[in-house]
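# Observations on chain architecture
Each chain, letter by letter, is given below.
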Amino acid sequence: MASISFSASVSSSTQFIRPSAFFLKPRSISRLPLVRAKIREIFMPALSSTMTEGKIVSWIKSEGDVLSKGESVVVVESDKADMDVETFYDGILAAIVVNEGETAPVGAPIGLLAETEAEIAEAKAKAAAQSSPAPAPVEQSAPVASKVESPAAPAVAAAPPTPGKLVATPFAKKLAKQHKVDISKLVGTGPFGRVTPEDVEKAAGITAAPKPNLVAAAAPSAAAAAPVVSPPKAERSFPEIPGSNVVPFTAMQSAVSKNMLESLSVPTFRVGYPIATDALDALYEKVKPKGVTMTVLLAKAVAMALVQHPVVNATCKDGKSFTYNGSINIAVAVAINDGLITPVLQDADKLDLYLLSKKWKELVEKARAKQLQPQEYNSGTFTLSNLGMFGVDRFDAILPPGQGAIMAVGASKPTVIADKDGFFSVKNKMLVNVTADHRIIYGADLAAFLQTFSKIIENPESLTM
């Protein structure tokens, strides 16, 4: 299992020394006071650049256990992997602040480490103070002005409409036609017996939304002094389905949800390209016994094409500039239990096919065991998503944050093709769709990249060199 060490904040007490005494009279001080750290906080580490909180999977050590520097203490679930957290210091695990199964934000204390047994009681008291909820602030309700009811004005008697003449507002007539209401049979409640839209809605059985009650202010000055409070935005409600069950997101699912929402802020466009795969399929049959997968072949071909088109490997981080990445790191989407992760084949253009295959096998095993190191899943410069093995012929992929493009690969299927002389033949073809950041990658850039990628796939001998 992957591991990472945490640093701890020092809670120390030492005698205060005036700067003048220290700097102006150094010889009058026989020795500097010794700083003794008593209780150290074990805090939630940031295991990835996107991690905002972590979940305690299990505590390897229990309260009262003696710890040595470098020893694993707790297993933390980040948004991508489970990792052992090691200690930087010797000491005693005095108190556990965050229990197994609970979450805490990055940087929050999850446990306390004492130097000696004499400090355990103090650490436990500190942990109890941290875990106890803070008292809610007492809200003082402002005095509510009493509703001033003014005497109702005498109702003005509506004059009867002219016999044989229909009086209705244009909108009321439109509503009547829309809801198939005979407007001539309605008794209008408007001025002079005019038929109003409310009359039509009432006849059609439509319940009008209640109008807000306006309360007269007790005094103009008080109304001016009162702050204007906007009503809270109502959450969208969905109908309840009998027998349904609500399951909260895991840390990984929350990270995926956050990244997908973040990707909506990037202006993207998509380009599809059909590619003949007969030569690639033949090569795959040769290298498959040696452990080479189709995903590795595609990743290698993508990396070789990116060498010739560096702008497709670039990113836009600030909306104002290009960032041309110095390495070609191909992230490949992998489905795991209750989530999705993208292990990264770093420097894929520089590794030969067989070494790349060995590296990919190791990454997949670590990904499914949730043991990837952060640099093994967050350093991608281009992403590849392959659903061809499931028979999917085409799909669009969502651009991951921090990258310039992602390729979606469909299944290779027999396709009838007509040549320039009008003769028909059957060839295997696959359709690839690339989603790109239009701020830095333009249509011509992507078309040129796909042409290069197609040539490599249709003449794949260079993949084994």
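Each remark here, short or long, concerns the structure printed above.
Conventions we followed
Residues numbered from 1 in each chain as written. Predicted model: local features only at pLDDT ≥ 70, side-chain atom pairs only at ≥ 80, totals over all residues. Heavy atoms only, no water. Helix = DSSP H or I, 4+ residues; strand = E, 2+ residues; numbered from the N terminus. Buried < 20%, exposed > 50% of the residue type's maximum accessible area, 1.4 Å probe, protein only. Contact = heavy atoms within 4.5 Å. Pairing = 2+ DSSP bridges.

This paragraph deals with the environment of Q253. Within the secondary structure layout, Q253 lies in helix α6 (residues 251-263). Overall, the relative accessible area of 24% leaves Q253 in the partly exposed class. For Q253 and G339, which are 86 residues apart along the polypeptide, the C-alpha to C-alpha distance reads 5.8 Å.

All right, on to the side chain of S357 then. Relative to the helices and strands, S357 is located in helix α9 (residues 353-368). Of the residues examined, S357 reaches a relative accessible area of 7% and is grouped as buried. Leave out the neighbours within four places in its chain, and S357 touches G291, V292 and V296.

What follows concerns the environment of A411. On the secondary structure map, A411 appears in the loop between β17 (405-409) and β18 (413-418). Residues A411 and V392, spaced 19 residues apart in sequence, show a C-alpha to C-alpha distance of 5.6 Å. Beyond its immediate chain neighbours, meaning those up to four positions away, A411 contacts G388, G391, V392, D393, K429 and M430.

Right, let's get into the pairing of strand β19 (residues 424-437). Across nine bridges, the pairing between strand β11 (residues 268-276) and β19 is antiparallel. What sits directly across from Y273, in β19, is V432. In this sheet, β19 lies alongside β17 in antiparallel orientation, the contact comprising five bridges. Each bridged residue has a counterpart across the sheet, and for A408 the counterpart in β19 is N433. Remark: five residues form the turn of the hairpin made by β18 and β19, two consecutive strands paired antiparallel; G422 in that turn has positive phi of roughly 90°.

Spatial relationships are all this shows, so hold off on functional conclusions.
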